[in-house]
Amino acid sequence: MASSTAPPWSEWRLNPPCAIPSRSATLSHHDSLPKLPVPDHNATREKVLNSAKALAKNNEEFENMKKKLDGFLASPLAKELNDALIARSKDPKHPSWLAEWWDTQAYMAYRDSVVINVSYYYAFHKLPQSLRKAGTSVSPHDEAANPAFVAASLVTTILDFRALLLQGKIEPDMMGGTKLDMESYKWMFNACRIPAKPADYAIKLKEDAPESAHFIAIRNNKIYKLPLWDQKTGEKYSLETLQKTFQNIYDSGSDVAEPVGLLTGGNRDVWADARAHLLSSSKDNVETLSTIESASFVVCLDPATPSSKISSDSNAENSNVAEFSRELLHGNGENRWFDKPLQWVVFDSGETGFIGEHSCMDGTPTAKVNDYIGARLSKGDMDVQGSNSDVPLQALDFEVDDKTRSAIEETRKSYLKAVEEEDLGFLYYTRYGKNGIKAAKSSPDGWVQMVMQLAYGLTFPEAPVTGTYEAAQTRKYALGRTETVRVCSPASKAFTLSMLPNSNKSTQERRHLFLEALKQHGKDMKDASVAMGCDRHIFGLKMILAESGKKEKVDLFEDDLFVRSGTWNLSTSAIISKYFVGYGWGQVTASGLGLPYSIHDNHLVFTVTSKKTQKNAEYTKNL
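Residues numbered from 1 in each chain as written. Predicted model: local features only at pLDDT ≥ 70, side-chain atom pairs only at ≥ 80, totals over all residues. Heavy atoms only, no water.

## What about the overall build of the chain?
Next up, step 1: Across its full length, the chain holds 20 helices and 18 strands.
Next up, step 2: Expected size for 623 residues packed as a compact globule is a radius of gyration near 25 Å; at 25 Å, the chain falls within 12% of this value.
Next up, step 3: Here the chain holds 623 residues, and 59% of them are scored as buried.
Next up, step 4: Within the structure as shown, the chain displays about 25400 Å² of accessible surface, and the carbon and sulfur contribution to it stands at 51%.
Next up, step 5: Each charge class in the chain was averaged separately, 73 positive and 78 negative side chains, and the resulting centres sit 5 Å apart. (Helix = DSSP H or I, 4+ residues; strand = E, 2+ residues; numbered from the N terminus. Rg over C-alpha atoms; globule rule 2.2 N^0.38 Å. Buried < 20%, exposed > 50% of the residue type's maximum accessible area, 1.4 Å probe, protein only. Areas by Shrake-Rupley, 256 points an atom, 1.4 Å probe, with all protein chains shown as cover. Lys, Arg positive; Asp, Glu negative; His and termini not counted. Charge placed at Lys NZ, Arg CZ, Asp CG, Glu CD.)

## Details of the sheet that holds strand β15 (residues 570-574)
Next up, step 1: Sheet architecture is open: six strands sit in the order β12-β18-β17-β15-β13-β14, paired in mixed fashion. If you trace the sheet from one side to the other, it starts and ends with β12 (422-429) and β14 (482-486), each paired once. In this sheet, neighbouring strand axes are inclined to one another by 20° on average, regardless of whether the strands run parallel or antiparallel.
Next up, step 2: Two elements, β15 and strand β17 (residues 593-599), share five bridges in a ladder whose sense is parallel. When the bridges of β17 are listed, Thr-572 appears paired with Leu-595.
Next up, step 3: In the packing of helix α16 (residues 507-529) onto the sheet, the strands contacted are β13 (468-473) and β14, and the crossing angle to β13 comes to about 50°. (Pairing = 2+ DSSP bridges. Axes fitted to C-alpha atoms, helices over the stretch in contact; angles between N-to-C directions. Contact = heavy atoms within 4.5 Å.)

## What about a negative patch on the surface?
Next up, step 1: Taken together, the side chains of Asp-284, Glu-287, Asp-397 and Glu-399 define an acidic patch exposed on the protein surface.
Next up, step 2: The exposure class of Glu-399 is partly exposed, given its relative accessible area of 43%. (Patch = residues over 30% accessible without salt bridge, like charges linked within 9 Å, V, L, I, M, F, W, Y side chains within 5 Å. Salt bridge = Lys/Arg side-chain N within 4 Å of Asp/Glu carboxyl O.)

## Regarding the nonpolar core
Next up, step 1: Ranked by size, the top nonpolar core spans 99 residues in total, and within it Met-65, Phe-72, Trp-337 and Phe-398 carry the most contacts.
Next up, step 2: When residues of this core are assigned to their parent elements, the largest contribution, six residues, is made by helix α17 (residues 535-548).
Next up, step 3: If sequence neighbours within four positions are ignored, Met-65 has contacts with Val-48, Leu-49, Ala-52, Leu-556, Asp-559, Leu-561 and Phe-562.
Next up, step 4: Cys-18, Leu-165, Phe-246 and Tyr-583 belong to the second-largest nonpolar core, a separate cluster that totals 55 residues. (Core = buried A, V, L, I, M, F, W, Y, C linked by side-chain atoms within 4.5 Å.)

## Remarks on the pairing of strand β1 (residues 120-124)
Next up, step 1: Of all five residues in β1, five are buried; the element is thus mostly enclosed.
Next up, step 2: A two-sided burial pattern is seen for β1, the buried positions comprising Tyr-120, Tyr-122 and Phe-124 on one face and Tyr-121 and Ala-123 on the other.
Next up, step 3: Where β1 and strand β16 (residues 580-585) come together, five bridges link them in antiparallel fashion. Pairing of Tyr-121 across the sheet is with Gly-584, part of β16.
Next up, step 4: Both β1 and strand β10 (residues 352-356) contribute to a ladder of four bridges, which runs antiparallel.

## Re the packing of aromatic side chains
Any aromatic ring pair is given by two values, namely how distant the centres are and how the planes are angled relative to each other.
Next up, step 1: A complete count under the given rule lists 27 aromatic pairs for this structure.
Next up, step 2: Note on Tyr-120 and Phe-354: the rings are 6.4 Å apart at their centroids and 55° apart in plane angle, and the pair reads as tilted. Taken together, the residues span a long stretch of sequence, with Tyr-120 in strand β1 and Phe-354 in strand β10 at a distance of 234 residues. Across the pair, exposure class does not vary: Tyr-120 and Phe-354 are buried alike.
Next up, step 3: An angle of 90° between the planes, with centres 5.5 Å apart, marks the rings of Trp-447 and Phe-514 as edge-to-face. Highlighted residues: Trp-447 in helix α14 (residues 444-459) and Phe-514 in helix α16, separated in sequence by 67 residues.
Next up, step 4: Put simply, the rings of Tyr-120, Tyr-122, Phe-124, Phe-189, Phe-215, Phe-246, Phe-297, Trp-344, Phe-354, Phe-580 and Tyr-583 touch in pairs and so form one group of aromatic residues. (Phe/Tyr/Trp six-rings, centres within 6.5 Å; stacked < 30°, edge-to-face > 60°.)

## With respect to the confidence of the model for the chain
Next up, step 1: Confidence along the chain averages 95 in pLDDT terms, with 97% of residues attaining 70 or more.
Next up, step 2: Counting interchain partners and residues more than four positions distant, the pLDDT-below-50 stretch residues 130-138 has 13 contacts. (pLDDT = per-residue confidence, 0-100.)

## Points about α14
Next up, step 1: The terminal C-alpha atoms of α14 lie 23 Å apart, and with 16 residues this matches the ideal 22 Å at 1.5 Å per residue to within 8%.
Next up, step 2: For α14, the tally of buried residues reaches 14 of 16 residues, placing the bulk of the element in the interior. (Expected span 1.5 Å × (residues − 1).)

## Structural notes on the sheet that holds strand β6 (residues 214-219)
Next up, step 1: Overall, mixed pairing links the eight strands, which are arranged β11-β7-β6-β8-β9-β10-β1-β16 in an open sheet. Two strands lie at the open edges of the sheet, namely β11 (394-396) and β16, each paired on one side alone. Each strand axis lies, on average, 25° off the axis of its neighbour in the sheet, ignoring direction.
Next up, step 2: Judged from the four bridges that link them, β6 and strand β8 (residues 298-302) form a sheet pairing that is parallel. Counterpart to Ile-218 in the pairing with β8 is Cys-300.

## Describing the pattern of salt bridges
Next up, step 1: Evaluation of the coordinates by the stated rule reveals 44 salt bridges.
Next up, step 2: Measuring nitrogen to oxygen at the nearest pair gives 3.0 Å for the salt bridge that ties Asp-559 to Lys-68. In this pair, Asp-559 is assigned in the loop between α18 (555-558) and α19 (560-565) and Lys-68 in helix α3 (residues 59-73), connecting sequence segments 491 residues apart.
Next up, step 3: For Asp-559, a relative accessible area of 6% corresponds to the buried category.
Next up, step 4: For Arg-475, the salt bridge is made with Asp-173, and the minimal N-O distance between the two is 2.8 Å. In this pair, Arg-475 sits in the loop between β13 and β14 while Asp-173 sits in the loop between α6 (147-166) and β2 (174-175), placing the two residues 302 residues apart along the sequence.
Next up, step 5: Overlapping salt bridges bring together Arg-111, Arg-193, Asp-200, Arg-268, Asp-269, Asp-339 and Glu-357 as one network.

## Brief notes about the packing of helix α4 (residues 76-90) against α17
Next up, step 1: Close contact between α4 and α17 brings their axes to 9 Å; oriented N to C, the two are set at 100°. If you check the angle between α4 and α17, you find them roughly perpendicular. Here Leu-77, Leu-81, Asn-82, Ala-84, Leu-85 and Arg-88 of α4 lie close against α17, whose contacting residues are His-537, Gly-540, Leu-541, Ile-544, Leu-545 and Glu-547.
Next up, step 2: Tallied by class, the residues present in the contact of α4 with α17 amount to seven nonpolar, three polar and two charged. (Parallel < 35°, antiparallel > 145°, perpendicular 65-115°, else oblique. Nonpolar A, V, L, I, M, F, W, Y, C, P; charged D, E, K, R; others polar.)

## Here we look at the side chain of Asp-445
Next up, step 1: Mapped onto the secondary structure, Asp-445 falls in helix α14.
Next up, step 2: For the buried Asp-445, no salt bridge is present, and the opposite-charge side chain at shortest range is Lys-434, 12 Å distant.
Next up, step 3: Within polar-contact distance, the side chain of Asp-445 engages the side chain of Tyr-597 at 2.4 Å.
Next up, step 4: When near neighbours in sequence (up to four residues on either side) are disregarded, Asp-445 contacts Glu-470, His-521, Met-525, Tyr-597 and Ile-599. (Polar contact = N/O pair within 3.5 Å; in protein donor to acceptor, adjacent residues only side chain to side chain.)

## Remarks on the state of the cysteines
Next up, step 1: One pass over the full model with this rule turns up zero disulfides.
Next up, step 2: The thiol of Cys-192 is not disulfide-bonded; the next cysteine sulfur, from Cys-360, is found 10 Å away. (Disulfide = S-S within 2.5 Å.)

## Considerations on helix α5 (residues 99-108)
Next up, step 1: Those residues of α5 that sit buried are Ala-99, Trp-101, Trp-102, Asp-103, Tyr-107 and Met-108.
Next up, step 2: Buried-residue contacts for α5 involve α1 (9-13), α4, β4 (191-194), β5 (201-204) and α17.

So, in structure tokens, the structure goes:
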């Protein structure tokens, strides 16, 4: 049973139990991965200044911050901190100078709900509702929904991917011909985030351990344990058998159980206390929690009936997809276990989505497994054969007392308040996509980033630029995850201002400024992908200072412009799969916008998340 007290980071995070062969195609390159480098001071200085210059209210504010920056970098303290950071990067005890700090500060020490704030989702195009040959002209939206079949086909395909992964047959992700770190794939199956104070941690079971051979299904908050295969013969279950089993769950009645899973979507300290109480109050609770936390993955069978059907008219609101997205982004918090890294949702309408827990695994690995699922199921490509023995379906019960009910009600109030405050816009744009942008001899990602900058300027003309984050992968390095691309620059600002209604710039001048903005963005993306951004470096210096016990105050770190240049009022990131109608996550600042986007061959997809106090609908329209 996972402890209520977190072990040291190195004990739970490094070398997790894993059945993927270390010498397999999936992992054999890991020993040759370089360690994450420490950026050069001067490069960090230039990146900070470039970002701050675009956001400065006036030249005096910029020069004042520049003076503080140069004063800090020239100080003995800065040299001492940077030398310590370099020494840490070379220390064999630290496979990455950043990893422990980032896991802790960006994820595990975060105390607010992971829902909206951290977790993310993928919304599938509607999958086939019955076995049929590929190439049929019948739209799945015209077919009767069969959620039991959808759940069974989903599980069948998940298990196929799981088998390939554990055999080491999943080829490494690549970037520019370089194999990327695949460590996060170890955290896919049979893992779970555990609430603890002052910071959470995660557990991982070896996938071939006997206690790992099950998954969890949830319906009406009732939790069921299902084996991954026939325990007597070792044979996987047939698709028909799984469908019958899921139908039994659907037919088990409409009574709704206490939503203990709601606690996983609440304040982490409240959940930590509630989990400790559940464990201490009942042996049945110990068994139930242990079974959930060790499960391979979760399938949520939801009574909601959203639709993924979209209008190809770019002016259409597609409010049904927005509602589908909201069910996955947050829903009402029930019928979920948000601490599990892999959580699929099957709705009564037959629609399907995925919810990811972010702490040990970013979006690219989960996009890969879901892309695999989408490719198989969209073709009706399922191995339907297997054991026809009855599946031993075990209902898992919680003993819930007044103290636990009180924690659930406290969580429900805060959860529903957050949901009520949240807004979501959706744009499915069909005039052009990647092919059209490339025909214009432009970078698709840079183009879309400038679109989002311009939409911000149109929506907030009184302050037309803002701090903007774009995620760049740093998985070329051991335990690499992401670095920040600071999209807002003097070049992007000049382009944005040139395009606003009050500009007198000519078309030729605007095009020149656009190309300059793309050039700057491309350089910044290239630097970030080799870990030469500035934000992780600054974070590392701050962490060295905090752990040194020194009381020295760094004026730069409290400077308003410096702070503003690293505050992400626009937070952006791209995931692409032709099987997703949309994907998303929440904004990262109360006054900001979250902008998940996908660049397809002939269309673009955007989700816009924000508080309702922001101009979400106006921004989506301007986009």
